[in-house]
Amino acid sequence: MPVIRALTKVAQQALLSSPGCGCQPLTVAVRSISFSPRQVTSDASFHSVSFSETDHPKVLITGGLGQLGVGLAKMLRKRFGKNNVILSDIRKPPSNVYHSGPFIYSDILDYKNLREIVVNNRITWLVHYSALLSAVGEANVALARSVNITGLHNILDIAAEHGLRLFVPSTIGAFGPTSPRNPTPDLCVQRPRTIYGVSKVHAELMGEYYHHRYGLDFRCLRYPGIISADSMPGGGTTDYAVQIFHDAIKSGKFECNLRPDTRLPMMYIDDCLRATLEVMEAPVDTLSMRTYNINAMSFTPEELSQELQKQMPELEVTYDVDPVRQAIADSWPMNFDDSNARNDWGWKHDYDLPELVQTMLNFFGAETRMARAN
């Protein structure tokens, strides 16, 4: 039973046990944090629409203007209908995103606003993409703590209260230098050393706690580095693997901020989005755990450069190592063991390194031809 309903029941029992006391209606403090104390009256009633009561889930995506949100919305709208998937963010959307389907302003630190969105739009699935990534988070720890942890608490409370199916992504950054690195299993010592990684371990554990304590349908995938052509790098340590394509097309030169032998797990965005949909649709009885590793390929900057130079032999690659990003990368897994995801709900990737490079170049080639035509 979600935490709200449990506390409401206690409040009702307290009122019934004290007839004729002349007291004001009892309020129950649900959770109090410095900027947003929450109180629910004893006679409050809650109604949520379960997934079984609708033809399709009604999906809210927070942090929707990031690398993954727009792509996931496009996929889910094809499957569930345009109006059943709502993108949200605190930024102004570009015109093509705004006109592609429902978009709404949503600040995950504003509990009341977020709760109103869920209630007014009869949300049944919540995909929580709002977060500050690794390198950006290290530059502003206070903001990362607020967004990645306090914002998560708001999401968890609202999802539990309204019986939502909740997806929160985790990351290779949830592991640390004492974790086994090649391969890294689902269950092992984590101990990350970035605020981003710490916040993601916190999200995994809090989500699993809410699942066991309140029955929240929490689902989580640890994403490797995600590579996509139609979004700019967003401050992550693995973003070199996206930036190299932009620079190769634009100037024929690329300067990498990691050592050439830095091996990290990676995935093309189409595989990532498909995995997210598949785990959200997986029957409950197939899930042996609530947080899974997923993987596709593992490569170094040198290996990616060599594969790209097969298609673009004129590409010049140099290295100027950023000690902060390198230290982060050296604490992360070199390869993910995702056997549980493959066995439990049939995960299987489509893109290896050669297919990744060809797909990225095809995208940029088409984009260049279109720009010239215009």
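Residues numbered from 1 in each chain as written. Predicted model: local features only at pLDDT ≥ 70, side-chain atom pairs only at ≥ 80, totals over all residues. Heavy atoms only, no water.

An unreviewed UniProt entry lists the chain under the name L-threonine 3-dehydrogenase, mitochondrial, from Gouania willdenowi. Database annotation for the chain, UniProt heading Sequence similarities (unreviewed entry): "Belongs to the NAD(P)-dependent epimerase/dehydratase family." (UniProt positions renumbered as here; feature names shortened; annotations may be inferred.)

A. Region of interest: the overall build of the chain. Scanning the chain for helices and strands turns up 13 helices and 15 strands. Split into buried and exposed, the 374 residues of the chain put 51% on the buried side. Nonlocal contacts in the chain, meaning residues at least 24 apart in sequence, comprise 76% of its contacts between residues at least 6 apart. Carbon and sulfur atoms make up 52% of the accessible area of the chain, which amounts to about 17,300 Å² in all. (Helix = DSSP H or I, 4+ residues; strand = E, 2+ residues; numbered from the N terminus. Buried < 20%, exposed > 50% of the residue type's maximum accessible area, 1.4 Å probe, protein only. Contact = heavy atoms within 4.5 Å. Areas by Shrake-Rupley, 256 points an atom, 1.4 Å probe, with all protein chains shown as cover.)

B. Representation of the pattern of salt bridges. Counted according to the given criterion, the structure contains 18 salt bridges. Linking D261 and R259 is a salt bridge whose minimum nitrogen-to-oxygen distance equals 3.2 Å. A single network of salt bridges, built from pairs that share partners, joins R165, D217, R219 and R290. (Salt bridge = Lys/Arg side-chain N within 4 Å of Asp/Glu carboxyl O.)

C. Molecular detail of the environment of V168. Secondary-structure assignment places V168 in the loop between strand 7 (165–167) and strand 8 (170–171). Not counting chain neighbours up to four residues away, the residues in contact with V168 comprise H128, L152, K200, A203, F218, R219, C220 and L221.

D. View of the nonpolar core. Counting residues in each nonpolar core, the largest one holds 69 residues, and the members touching the most others are I61, F299 and W345. Top element by residues in this core is helix 9 (residues 269–281). It accounts for 7 residues. (Core = buried A, V, L, I, M, F, W, Y, C linked by side-chain atoms within 4.5 Å.)

E. Spotlight on the packing of aromatic side chains. Following the criterion strictly, the structure yields 11 aromatic pairs and no others. Look at F80 and W125: their rings are 5.5 Å apart centre to centre, the planes differ by 85°, and that puts the pair in the edge-to-face class. Placement of the pair is F80 in helix 2 (residues 69–80) and W125 in strand 6 (residues 125–128), with a sequence separation of 45 residues. Comparing F80 with W125, the two get one shared label, buried. Pairing Y292 with W345 gives two aromatic rings, centres 5.9 Å apart and planes at 85°, and the pair type is edge-to-face. Residue Y292 is found in strand 13 (residues 291–293), and its partner W345 is found in helix 12 (residues 339–345); the two are separated by 53 residues along the sequence. (Phe/Tyr/Trp six-rings, centres within 6.5 Å; stacked < 30°, edge-to-face > 60°.)

F. How the structure looks around the environment of Q67. By secondary structure assignment, the location of Q67 is in the loop between strand 3 (59–62) and helix 2. For the pair formed by Q67 and P233, sequence separation is 166 residues and the distance between their alpha carbons is 7.9 Å. One polar contact links the side chain of Q67 to the main-chain carbonyl oxygen of I226, over a distance of 2.9 Å. Within the local environment of Q67, its side chain forms a polar contact with the side chain of S228, the two groups lying 3.3 Å apart. (Polar contact = N/O pair within 3.5 Å; in protein donor to acceptor, adjacent residues only side chain to side chain.)

G. Representation of the sheet that holds strand 10 (residues 225–227). Spatially, 3 strands are ordered 10-12-14 in an open sheet, and the strand pairing comes out mixed. Of all strands in the sheet, those with a lone pairing partner are strand 10 and strand 14 (297–299), marking the two edges. Within the sheet, the average angular offset between the axes of one strand and its neighbour, ignoring direction, is 45°. The sheet strands contacting helix 8 (residues 240–250) are strand 10, strand 12 (264–268) and strand 14, and the helix crosses strand 10 at an angle near 25°. Docked against the sheet, helix 9 engages strand 10 and strand 12, running at close to 80° with respect to strand 12. (Pairing = 2+ DSSP bridges. Axes fitted to C-alpha atoms, helices over the stretch in contact; angles between N-to-C directions.)

H. Summary view of the pairing of strand 6. In strand 6, alternate side chains face the same way, and those of W125 and V127 on one face and L126 and H128 on the other are all buried. Pairing of strand 3 with strand 6, which is carried by 4 bridges, proceeds in the parallel orientation. Along strand 6, the bridge assignment pairs T62 with H128.

I. Looking closely at helix 4 (residues 111–120). Along helix 4, the residues that are buried comprise Y111, N113, L114, I117 and V118. Residues of helix 4 that are buried make contact with strand 3, strand 5 (103–105), strand 6 and helix 6 (141–161). Downstream of helix 4 by one or two residues, R122 has phi in the positive range, about 50°.

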